[in-house]
Amino acid sequence: MVLATIVAIVVGAVAIAGGFARSTQTRRTAEPGEVFDTTRWRVSVLRAEYTDQGVSGLEISPKVRVWMSLTNISQKSLYTPALRTIVITLPDGTKSQSSPYLESKNRSGMFFPDIPREVAIDVEPDSAGPVVGSVSVVVHDEEPRDGYISSDTWDATLAGTTVLLDCVDVRVAR
Amino acid sequence: MKAGVRGVLSLLACLLVVGLLTGLKPDTGASGVRYYGAGADGWARSPQGDVKVDSIHLTQRVRGTGSYAREVTTTYAFVVVRLRVSAHGESRVFSKMELRTPDGYTYEQLGDPMLARAGYVNPGFTSIGAAVFEMPPDRVAHSTLVVYPTQGFLVVYQAALRFDQVVPADLQSETLVVLADARKEVTS
């Protein structure tokens, strides 16, 4: 009886605090090349290709490469989006790393405010053979973490924009 | 005296000490950083290290001259700050440099190590190099340079050297800026 009362009080408190309200975080979709904004980034997911050439032209094991344009629209120079902001899922279910490496043809390092940069993210498929089907790219929004030590940490939110890309096979050594 | 009373008195004594230390701390502003501006001789001096700006250039093409150097271009603007840095007491890394625009944007220097970064310097030496910033052209004028002397990976933010509105508004763009390798001299 006591336990049930405590549970009821807790559930009631959560309900009063709005804990059971429908989430306002939404999922959107965008077309390839369409420009959309998150809190700190202007994004355009451009194309996906199955390639055996590195961004610098060196031969590599086959990977799916997603190209996107990223512009830092905050007021500070940034190294990278927050963990799990960009999630790429291949047709076989392989997912990108939580903080994928962003490679550029002619620049490395930070993203400077309002300077766009085209970046590539490579994902190695878990399964062998050519990649057939759509590659899903979800770009999540970000929110500042209310930390006590650092006030400059950001987390990915559930809200995000999904872009579906046809993967073009551009391998040289087929 | 009871143990509980002693505990409370000890706690109050600790709070008093913390309060005194906080009150005696130099004024550092809201960010916790104490800034040191440039003197009449052009040097900004802090307990950790000194910095002097030699010249400032505007361009869209920058080229290093070292063995692995390459040319870097932009469709925006590169602000090249030639400067010299020296350390006090222990070695410092002057890798964190930023240009702050009058409208509140912060641009850190390009990370390319081939671009003559002043970088690491031991006490008694002066490193002469450059910092390159990529910015939209309309944000360049009147930007303020801020240099943080650090210790390796440990970023020591209690001091920063600041050059207020160091980028002139009438800076003319140059076709190409060639950067010689950073070099070190014995501090005179």
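Draft legend 1. How the structure looks around the nonpolar core. Residue and element names in this part refer to chain B. Residues V79, V81, M97, V132, F133, L145 and L179 are the most contacted members of the largest nonpolar core, which totals 43 residues. Elements that contribute at least two residues to this core include exactly β3 (49-64), β4 (71-87), β5 (92-100), β8 (125-135), β9 (144-150), β10 (159-163) and β12 (177-179). Top element by residues in this core is β4. It accounts for 9 residues. Residue contacts for M97: discarding those within four places in its chain leaves L83, Y107, E108, Q109, A118, A131, F133, V146 and V147.

Draft legend 2. Region of interest: the environment of A44 of chain B. Residues and elements named next belong to chain B. Here A44 is to be found in strand β2 (residues 43-45). Given the relative accessible area of 0%, A44 is considered buried. With 142 residues separating them along the chain, A44 and V186 place their C-alpha atoms 18 Å apart. Apart from residues lying up to four places away in sequence, A44 is in contact with Y36, G37, A38, G49, D50, V51, L161 and F163.

Draft legend 3. Looking closely at the interface of chain A and chain B. Every contact between the two is made by 12 residues of chain A and, on the other side, 18 residues of chain B. Between chain A and chain B lies a buried interface of about 1,200 Å² when both sides are counted; carbon and sulfur atoms form 49% of it. When residues of chain A are sorted by the area they lose upon contact with chain B, Q75, R107 and F112 of chain A head the list and together hold 43% of the total. Applying the counting criterion to the chain A and chain B interface returns 1 salt bridge.

Draft legend 4. How the structure looks around the packing of aromatic side chains. One pass over the full model with this rule turns up 1 aromatic pair over all chains. Where W41 of chain A meets F111 of chain A, the ring centres are 5.3 Å apart and the plane angle is 90°; that geometry is what we call edge-to-face. Of this pair, W41 of chain A sits in strand β3 (residues 41-53) while F111 of chain A sits in the loop between β5 (86-89) and β6 (117-123), and the two are 70 residues apart along the sequence. Of note, R139 of chain B hangs over the ring of Y105 of chain B, and the distance from its end group to the ring centre comes to 3.6 Å. It is R162 of chain B that lies over the ring of Y35 of chain B; its NZ or CZ is 4.5 Å from the centre.

Draft legend 5. Here's a closer look at the pattern of salt bridges. Residue and element names in this part refer to chain B. Under the defined criterion, the tally for this structure stands at 21 salt bridges over all chains. The partner of E71 in a salt bridge is R61, and the shortest N-O contact between them spans 2.8 Å. Residue E71 is found in strand β4, and its partner R61 is found in strand β3; the two are separated by 10 residues along the sequence. What makes R61 partly exposed here is its relative accessible area of 28%. Taking the shortest distance from any N to any O, the salt bridge between R183 and E185 comes out at 3.4 Å. Among the charged side chains, a network of salt bridges with common partners joins K96, E98, R100 and E108.

Draft legend 6. Up close: the layout of surface pockets. Residue and element names in this part refer to chain A. If you add up the space inside the second largest pocket, you get close to 310 Å³. In this structure, the second largest pocket is lined by 17 residues; those nearest its centre are Y101, L102, S104, R107 and S108. Grouping the constituent residues of the lining of the second largest pocket by class yields 6 nonpolar, 6 polar and 5 charged.

Draft legend 7. Spatial organisation of the confidence of the model for chain A. Across chain A, the average pLDDT comes to 88, with 92% of residues at 70 or higher. Mean pLDDT per element in chain A: helix α1 (residues 2-16) of chain A is the minimum at 78, and strand β2 (residues 35-37) of chain A is the maximum at 97.

Draft legend 8. Representation of the confidence of the model for chain B in the model. Mean pLDDT over chain B works out to 86, with 88% of the residues at or above the 70 mark. In the predicted assembly, ipTM is 0.80 and pTM is 0.81.

Draft legend 9. Seen up close, the environment of K63 of chain A. All names here are of chain A. Along the chain, K63 turns up in strand β4 (residues 59-72). Classification of K63 as buried rests on a relative accessible area of 17%. For the pair formed by K63 and S96, sequence separation is 33 residues and the distance between their alpha carbons is 11 Å. Each residue touching K63, except ones within four places of it in the same chain, is listed here: E49, Y50, T51, D122, V123, E124 and P125. Side-chain polar atoms of K63 contact the side chain of S61, separated by 3.0 Å.

Calculation rules
- Residues numbered from 1 in each chain as written.
- Chains lettered and ligands numbered in written order.
- Predicted model: local features only at pLDDT ≥ 70, side-chain atom pairs only at ≥ 80, totals over all residues.
- Heavy atoms only, no water.
- Core = buried A, V, L, I, M, F, W, Y, C linked by side-chain atoms within 4.5 Å.
- Buried < 20%, exposed > 50% of the residue type's maximum accessible area, 1.4 Å probe, protein only.
- Helix = DSSP H or I, 4+ residues; strand = E, 2+ residues; numbered from the N terminus.
- Contact = heavy atoms within 4.5 Å.
- Buried area = accessible area lost by both parts, 1.4 Å probe.
- Salt bridge = Lys/Arg side-chain N within 4 Å of Asp/Glu carboxyl O.
- Phe/Tyr/Trp six-rings, centres within 6.5 Å; stacked < 30°, edge-to-face > 60°.
- Lys NZ or Arg CZ within 6 Å of the ring centre and 35° of its normal.
- 1 Å grid on protein atoms, 1.4 Å probe; cavity = no way out; pocket = protein on both sides within 12 Å on 5 of 7 lines; lining within 4 Å.
- Points joined across faces, edges and corners; volume = space filled by probe spheres on them.
- Nonpolar A, V, L, I, M, F, W, Y, C, P; charged D, E, K, R; others polar.
- pLDDT = per-residue confidence, 0-100.
- Polar contact = N/O pair within 3.5 Å; in protein donor to acceptor, adjacent residues only side chain to side chain.

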